[in-house]
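# Report on the structure
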Amino acid sequence: MTETLTGRPDTPLPIAHHPVRDVLTGPVGSIGITLIIVLVAGLALIGPRFLSASNVTIAGQFVAIPMLIGGFASFALLAGVVDLSIGSIAGVAAAILGALLVNGWDIASAITLTLAACLLFGAINATAIVGFNADPIAATLGMLTGLRGATYVIVEAYGQSGSLFAFHDGLFALTNLMVWSLPLIFLVALGVTAVAAVIVGKTRLGRHTRAVGGDALAASRAGISVARVRTGALLLSALGAGLGGVLYVGQLGAVSRNLGFGLEFQVYAALMIGGFSILRGGVGSPAGGALGFLVIAGAANILDLSGISPYYVNIIVGMLLLAAVLLDRLRGGDAYE
Amino acid sequence: MADHAIGHAASAGRPGMRFRLDGWGTAAVVALAWVALVAVSAIHRADFVSHQTVLAITFTMSIVGVLAVGQALVGISGGFLDLSQPTSLILTALVASRLLALGLDPILVIPITLAVGAAWGLLNALIIVYGKLNPVIVTLATNFIGLAALFLIFQIAEAPIGSAFRAFGRGSFLGLPNIWWPMVALILIVGFLLPRTRYGRHAIAVGGNRFAAQARGISLRKTRFAIFVASGICAAMAGLLFAASSGPFTPASGTVYLLPVIAASILAGVSLGGGRGNIWLIMLSVGFLSTVPTALVFFGLTSDWQAIFQGVILMVAVAIDGYREKWVAR
């Protein structure tokens, strides 16, 4: 699959780098400008209420968990192995945790076991993709379906009428905790983004991941273990989705059978708007990805406050997605012919 | 035979690989799995082997099979996936239902619905070809937009109750559901034409190696347009069968088909990278996948378990496929 996707017909002419211009014309720059447009539109349409602490809190709580999951999943994208199963992993993690809590497990061991299960799912993904050379989209689509089925079965077994009641005081308090008048989980998501940005941009691990995603053959010739990087990225992606599922249990207090359904598309749409690609590794930065989430959250919030049908959000997301990939191509990204 | 032609096109650049079991290896595995599944179910419960079971399986096969033809065409021609099928399926089902409710003759409704499906495919193709954007991302985005737009248009719809159209969807012919026969016809015809017509061979060649195809004077643009319009028409055909056979449907009703359809296409040996696949084998893969839910019922498992089995089957299939390609590449 990658052989038809990575062919870059002409290398761009060498242009002297200029830090300010690079940022403005790069993917992070365009998504940053989009975010500013959204903020201005919000202020113009909604008024000062748009940036009030209570509204930012609502929007922050809404976007925090997908953003956290996206921060982890972006490593898999960078390594060139898209993990479509993240939505289902979040769902099944919530279901497992809920079932364990219902059965009287203490929270620490329940969360540990849940995250261990998620790592196992990540390891299965990695075995299929890295070990057996399976196509990442198709293999993780299989994992997506299988774990959705597992979520149905668990919720059916331990819950009533398609929902598993799993309220936990501590977890609820944690997911609703406010720090500096912002939700803690939103700050955690921002923190994960910051750490990811440093890892990707400044460390050897990050450079290796980008190299593997950009050109696996060249990376392996340079002595980088492609298998190890991709396995690690898939494990990380599954772990992040599992953490997201755990936080959903705290936030929602119950696990519906469809928890996390379609979440992978929401997350990847945001990451792609932020400059990542689900088909080509090595591109994108965690900061851009986080801005992508903020743009969508801002747009959703504006529609919400204006009383406009939430379905318009998906229309906007779809348009932004097309615009973002088109912009990426015009900037010299891969052309599909 | 058909597969041989496709395999040949795909392996044109790799001499010595011509007689590899392209596609048929997967087919043999799927056929064995199918036989094993039927055998185990029949041993477990003798009443599994009944006309009722055959009816259930063939009914499930119909819509998945028609959509899988479109998905396979996209895959074979190197377009990877058409993720917008849930939208085109429901859009066309809605158009057909609304037109029938207006009292329009089904003879007119069918071509109009197929044209709507073709128009949806054309829209995808326009964005893909002129934007030079990857079909996976384009169809992901158009599906996002399309489903949201459908939710704005309607919440629930169905074809007029008691109409001849609905009667067709519920009826059967020669002991098998009416809606099964158009699927069989589509698979046989497309599977026959694909390796034997110029357009079909162009599609295979583009999927195998687009640069080589271009060098041979094949227009990539024309091929992309043809393939995505064909996929849209398949979705419209599925939409007609869906509107005829299902009860009330919502804009989200099409989403459940996407995964079985992709699984069916991959199990039929269609490579996501393009250039390889046999439409006829869809009969086998769809038959196998559609037997799973019915068999599960006989084992006392709810339909919730179906997704687990489908997921496992898909993962195993792509792992085998990937493993084989890795060894061939060496």
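Computed from a predicted model, the values in this text were never measured in an experiment.

## Topic: the overall build of chain B
On a plain count of helices and strands, chain B comes out with 14 helices and two strands. For chain B, the C-alpha radius of gyration of 20 Å lies close to 20 Å, the compact-globule estimate for 330 residues. Dimensions of chain B along its principal axes, counting C-alpha atoms only, are 60 × 50 × 30 Å. When the 330 residues of chain B are sorted by exposure, 55% land in the buried category. Long-range contacts, defined as pairs at least 24 residues apart, comprise 78% of the intrachain contacts of chain B with a sequence gap of at least 6.

## A closer look at the overall build of chain A
Scanning chain A for helices and strands turns up 15 helices and four strands. Radius of gyration (C-alpha) of chain A: 20 Å, near the 20 Å computed for a compact globule of 337 residues. Once the C-alpha set of chain A is aligned to its principal axes, its extents read approximately 60 × 55 × 35 Å. Burial status across chain A gives 54% buried among its 337 residues.

## Digging into helix α10 (residues 204-214) of chain A
Within the span of α10 of chain A, buried status applies to His208, Thr209, Arg210, Ala211, Val212 and Gly213 of chain A. In this structure, the buried side of α10 of chain A is in contact with α4 (53-78), α9 (184-202), α11 (216-221) and α12 (226-252) of chain A.

## What about the interface of chain A and chain B?
Counting residues at the interface gives 42 residues for chain A and 45 residues for chain B. Elements that contribute at least two residues to the side of chain A that touches chain B include exactly α7 (136-158), α13 (263-273) and α15 (311-330) of chain A. The element best represented in the side of chain A that touches chain B is α7 of chain A, accounting for 15 residues. Each residue belonging to the side of chain A that touches chain B can be placed in one class, and the counts come to 28 nonpolar, nine polar and five charged.

## A closer look at α15 of chain A
Across its 20 residues, α15 of chain A extends 29 Å between first and last C-alpha, which sits within 8% of the 28 Å expected from 1.5 Å per residue. What α15 of chain A keeps buried is the set Val313, Asn314, Ile316, Val317, Gly318, Leu320, Leu321, Leu322, Ala324, Val325 and Asp328 of chain A. Where α15 of chain A is buried, its residues contact α3 (27-46), α13 and α14 (286-305) of chain A together with α5 (106-131) and α6 (135-153) of chain B. Downstream of α15 of chain A by one or two residues, glycine 332 of chain A has phi in the positive range, about 110°.

## Section: unusual backbone geometry
Working note: non-glycine residues mostly have negative phi, and peptide bonds are mostly trans. A positive phi angle, near 60°, is found at asparagine 133 of chain A, a position not held by glycine. When you line up the elements, asparagine 133 of chain A lands in the loop between α6 (107-131) and α7. Despite not being glycine, lysine 132 of chain B has its phi angle at roughly 50°, a positive value. Exposure remark for lysine 132 of chain B: the 16 C-beta atoms within 10 Å place this residue in the partly exposed category.

## Quick look at the nonpolar core
In this structure, Leu97, Met272 and Leu321 of chain A together with Leu67 of chain B are the most contacted members of the largest nonpolar core, which totals 217 residues. The element contributing the most residues to this core is helix α11 (residues 220-245) of chain B, with 14 residues. When neighbours within four sequence positions are excluded, methionine 272 of chain A is seen to be in contact with Ser277, Ile278, Leu321, Ala324 and Val325 of chain A together with Ile137 of chain B.

## Points about the environment of alanine 173 of chain A
Along the chain, the position of alanine 173 of chain A falls in helix α8 (residues 169-175). For the pair formed by alanine 173 of chain A and glycine 250 of chain A, sequence separation is 77 residues and the distance between their alpha carbons is 7.7 Å.

## Let's talk about the environment of leucine 321 of chain A
Assignment of secondary structure puts leucine 321 of chain A in helix α15. Leucine 321 of chain A sits 50 residues away from leucine 271 of chain A along the chain, and the two C-alpha atoms are 9.3 Å apart. Residues in contact with leucine 321 of chain A, not counting those within four places in the same chain, are Ala269, Met272 and Ile273 of chain A together with Ile137 and Ala141 of chain B.

## What to know about the packing of α5 of chain B against α11 of chain B
All names here are of chain B. Where α5 contacts α11, the two axes come as close as 7 Å, and the packing angle between them is 145°. Note on packing geometry: the crossing formed by α5 with α11 is right-handed. Split into classes, the residues belonging to the contact of α5 with α11 amount to 18 nonpolar, seven polar and two charged.

## Quick word on the confidence of the model for chain A
A residue-level look at chain A finds 93% of positions with pLDDT of 70 or above and a mean pLDDT of 84. Throughout residues 1-8 of chain A the model reports pLDDT below 50, and contacts reaching past four residues in sequence, or to other chains, amount to 13 contacts.

## Comments concerning the confidence of the model for chain B
Detailed reading of the predicted coordinates is not advisable wherever pLDDT is low. Residue and element names in this part refer to chain B. Of the residues in chain B, 92% reach a pLDDT of 70 or more, and the chain-wide mean stands at 84. Taken together, the stretch residues 1-21 has pLDDT below 50 and engages in 37 contacts with residues farther than four places along the chain or on a different chain. Interface scoring of the predicted complex returns ipTM 0.80; its pTM is 0.84.

## A look at the packing of α4 of chain A against α14 of chain A
All names here are of chain A. With their axes 9 Å apart at the nearest point, α4 and α14 run at an angle of 145° to one another. Considering only the axes of α4 and α14, their crossing is right-handed. Contacts between α4 and α14 pair Asn55, Ala59, Phe62, Val63, Pro66, Met67, Gly70, Gly71 and Ser74 from the former with Pro286, Gly289, Ala290, Phe293, Leu294, Ala297 and Asn301 from the latter. Looking at the contact of α4 with α14, its residues break down into ten nonpolar, six polar and no charged.

## A closer look at the environment of proline 160 of chain B
Residues and elements named next belong to chain B. Its place among the elements puts proline 160 in the loop between α6 and α7 (164-170). In the structure, proline 160 is positioned 61 residues away from arginine 221 in sequence and 40 Å away in space, judged by C-alpha atoms. Filtering out sequence-adjacent residues up to four positions away, proline 160 remains in contact with Leu100, Ala101 and Arg166.

About the criteria used
Residues numbered from 1 in each chain as written. Chains lettered and ligands numbered in written order. Predicted model: local features only at pLDDT ≥ 70, side-chain atom pairs only at ≥ 80, totals over all residues. Helix = DSSP H or I, 4+ residues; strand = E, 2+ residues; numbered from the N terminus. Rg over C-alpha atoms; globule rule 2.2 N^0.38 Å. Buried ≥ 20, exposed ≤ 12 C-beta atoms within 10 Å, placed from the backbone. Contact = placed C-beta atoms within 7 Å. Nonpolar A, V, L, I, M, F, W, Y, C, P; charged D, E, K, R; others polar. Expected span 1.5 Å × (residues − 1). Core = buried A, V, L, I, M, F, W, Y, C linked by C-beta atoms within 7 Å. Axes fitted to C-alpha atoms, helices over the stretch in contact; angles between N-to-C directions. Left-handed = near helix turned anticlockwise from the far one by under 90°. pLDDT = per-residue confidence, 0-100.

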